[in-house]
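Letter by letter, the chains look like this.
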Amino acid sequence: MSAHKRRNVTGVRRRLPAFVLVLVVAALCIAGVIYEGAEVTQVNVNDGGIWVTNKSKQLVGHLDYEARILDGALRTEATNFDVGQAGETVTVSDLGSLTVAPVNVTQVALGSPTVLPAGSSAMQGGDVLGVLNAADGTLWTTSAASPSPSSLADSAALASNMGASAFVTGEDGSVYSLSNSGTLTTVKHSGSVDETKTTQLNGISDDARLSLTVVGDQVVALDSASNTLFLPGNKTIDLGTAGIEADAVLQQAGPKDDSVLMATATSLVAIPLTGGQPVITPAAEGSPSGIPAAPVRHDGCAYGAWSGSGAYVRSCKDPASNEQMVVDTLVSAREVVFRTNRKAIVLNDVAEGNVWLPDSNMVLMDNWDEVENQLEESEEEQDSPELTN
């Protein structure tokens, strides 16, 4: 691929079957809108899609969840990147150059990147990006749909000089950061104003290795150094005493519930927010050891997955929907991440791009080569416009 092609970040949608294409073109002609070279869709319509990544190909893909096929992709020059999503609001973060860019979901293309403050990282929740410098605790927020450099200036910081910190952005766009000094900063977006407050958590040591999640609006922190969980109301649990292995992973930010999820090398754990007895679900029969993905709670079920062992667990409020299996293709996965958007949930090996459908017997989706070929064709057409005139 030429350097010119690589500089142009472009996207392509999979070509539709002929009879469907006729109907689509007719409808678009009636509306008086035809965009050549990319599928045109209605904004804010639930197309059932979800966005996934493939670092090996430097691609961000759109999965048609109902059709079970990747139908579009955009290329990024980054080698280490991630995608955030909430409905039609989608962002791509370049973790190397420290930039974030919105995605034009209609044209399957990246918007203009915004440079993040030095040493910081971004996390999307709803239509908000939380941005934190974990070393010194400086915290910002900005719009996910249109990140603003001015809202990321030093003078716009909502918290600063808090020391080493962890953070999380909730599904509703609220942002939380917790410093090793025990200061919890909460930022809630109200109209055009960010409302910020601080509270104090007891018992966190200066050398804590913190991670943070939020269940609805209830913040939970894990100190991996001491294997201690910090629950709402200044409650703490010694996880070792509770029979929970060290090096557990907290759940992704999720909806309101009465417990928080964790995954160890061998089990999925639900711990009541009130501090009651943990519910431990083995990852698989015989408790094989694996590398856990951060678990998620989605549509009434808790999900866990492990590379190495290939284990997969779904534990639901309706026990009839529970599922436990070992997935052969998951054993060799390198970096698995659950992704959710609207009603859709997938498990994505972000290193190699594999996508499993947890609610469809963990069927594996992998048509990246087809989508990449169509993307290259689109790039060649843009490099040679005279061929399309």
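The model shown is predicted, which means the values in this text are computed figures rather than measured ones.

(A) Representation of the overall build of the protein. Secondary structure summary: the protein contains four helices and 33 strands in total. Surface accessibility of the protein: about 17400 Å² in total, with carbon and sulfur atoms responsible for 50%.

(B) Summary view of the sheet that holds strand 23 (residues 267–272). If you trace the four strands from one edge of the open sheet to the other, you get 21-22-23-24, paired in antiparallel fashion. Either end of the sheet is taken by a strand with one partner, and the two such strands are strand 21 (249–250) and strand 24 (279–282).

(C) Broad picture of the side chain of Thr186. If you trace the backbone, Thr186 turns up in strand 15 (residues 183–190). If near-sequence neighbours (up to four positions away) are discounted, Thr186 is found in contact with Val175, Tyr176, Glu195, Thr196 and Lys197.

(D) Molecular detail of the pairing of strand 20 (residues 235–238). Pairing geometry for strand 19 (residues 228–231) and strand 20, over four bridges, is antiparallel. Each bridged residue has a counterpart across the sheet, and for Leu229 the counterpart in strand 20 is Ile237. Taken together, strand 19 and the strand that follows it, strand 20, pair antiparallel across an intervening segment of three residues, in which Gly233 is found at a positive phi of about 75 degrees.

(E) Region of interest: the side chain of Asp71. Here Asp71 lies in strand 4 (residues 69–75). With a relative accessible area of 12%, Asp71 lands in the buried category. Of the polar contacts made by the side chain of Asp71, one reaches the side chain of His62; its length is 2.6 Å.

(F) Here's a closer look at the sheet that holds strand 10 (residues 120–125). Taken in spatial order, the three strands of this open sheet run 10-11-12, and their pairing is antiparallel. Edge strands, defined here as strands with exactly one partner in the open sheet, are strand 10 and strand 12 (138–143). For this sheet, the mean inter-axis angle between neighbouring strands, taken without regard to orientation, is 25 degrees.

(G) Structural detail: the state of the cysteines. Under the counting rule described, the total for this entry stands at one disulfide. Note on cysteine connectivity: Cys301 is disulfide-linked to Cys316, with sulfurs 2.0 Å apart. The sign of the 105 degrees torsion about the S-S bond sets the Cys301-Cys316 disulfide as right-handed. Taken together, the positions of Cys301 in strand 27 (residues 301–307) and Cys316 in strand 28 (residues 311–316) put the pair 15 residues apart, joining distant regions of the chain. Assessed through its relative accessible area of 10%, Cys301 is described here as buried.

(H) Spotlight on the pattern of salt bridges. Taken as a whole, this structure holds 12 salt bridges when the rule is applied. Among the ionic pairs, Glu335 bridges to Lys55, the shortest N-O distance being 3.4 Å. Highlighted residues: Glu335 in the loop between helix 3 (328–331) and strand 30 (336–341) and Lys55 in the loop between strand 2 (49–54) and strand 3 (59–64), separated in sequence by 280 residues. Among the ionic pairs, Arg314 bridges to Glu323, the shortest N-O distance being 3.6 Å. Assigned by exposure class, Arg314 and Glu323 land together as buried.

(I) Highlighting the pairing of strand 17 (residues 210–215). In terms of burial, strand 17 is a largely internal element, five of the six residues being buried. Both strand 17 and strand 18 (residues 218–223) contribute to a ladder of six bridges, which runs antiparallel. Considered in strand 18, the bridge of Val214 is made with Val219. What sits between the antiparallel neighbours strand 17 and strand 18 is a turn of two residues, in which Gly216 has the positive phi angle 70 degrees.

(J) How the structure looks around helix 4 (residues 368–383). Counted at 1.5 Å a residue, the expected span for helix 4 with its 16 residues is 22 Å, and the 22 Å between its end C-alpha atoms agrees. What helix 4 keeps buried is the set Trp368, Val371, Glu372, Gln374, Leu375, Ser378 and Glu379. Seen end-on, helix 4 carries its buried residues on one side only, within an arc spanning 165 degrees.

(K) Spatial organisation of the confidence of the model for the protein. Overall, the predicted model of the protein reaches an average pLDDT of 88, with 86% of residues at or above 70. The low-confidence segment residues 1–10, where pLDDT is below 50, has 23 contacts with residues more than four positions distant or belonging to other chains. Ignoring residues within four places in sequence, the model shows residues 15–45, a span with pLDDT below 50, making 23 contacts including any to other chains.

(L) The arrangement of unusual backbone geometry in detail. Positive phi outside glycine occurs at Gln58, with the angle close to 55 degrees. With respect to the helices and strands, Gln58 occurs in the loop between strand 2 and strand 3. If you check the backbone angles, Asp247 has positive phi at about 65 degrees while not being a glycine. Residue placement: Asp247 occurs in the loop between strand 20 and strand 21.

Analysis parameters
- Residues numbered from 1 in each chain as written.
- Predicted model: local features only at pLDDT ≥ 70, side-chain atom pairs only at ≥ 80, totals over all residues.
- Heavy atoms only, no water.
- Helix = DSSP H or I, 4+ residues; strand = E, 2+ residues; numbered from the N terminus.
- Areas by Shrake-Rupley, 256 points an atom, 1.4 Å probe, with all protein chains shown as cover.
- Pairing = 2+ DSSP bridges.
- Contact = heavy atoms within 4.5 Å.
- Buried < 20%, exposed > 50% of the residue type's maximum accessible area, 1.4 Å probe, protein only.
- Polar contact = N/O pair within 3.5 Å; in protein donor to acceptor, adjacent residues only side chain to side chain.
- Axes fitted to C-alpha atoms, helices over the stretch in contact; angles between N-to-C directions.
- Disulfide = S-S within 2.5 Å.
- Salt bridge = Lys/Arg side-chain N within 4 Å of Asp/Glu carboxyl O.
- Expected span 1.5 Å × (residues − 1).
- Arc of directions from axis to C-beta.
- pLDDT = per-residue confidence, 0-100.

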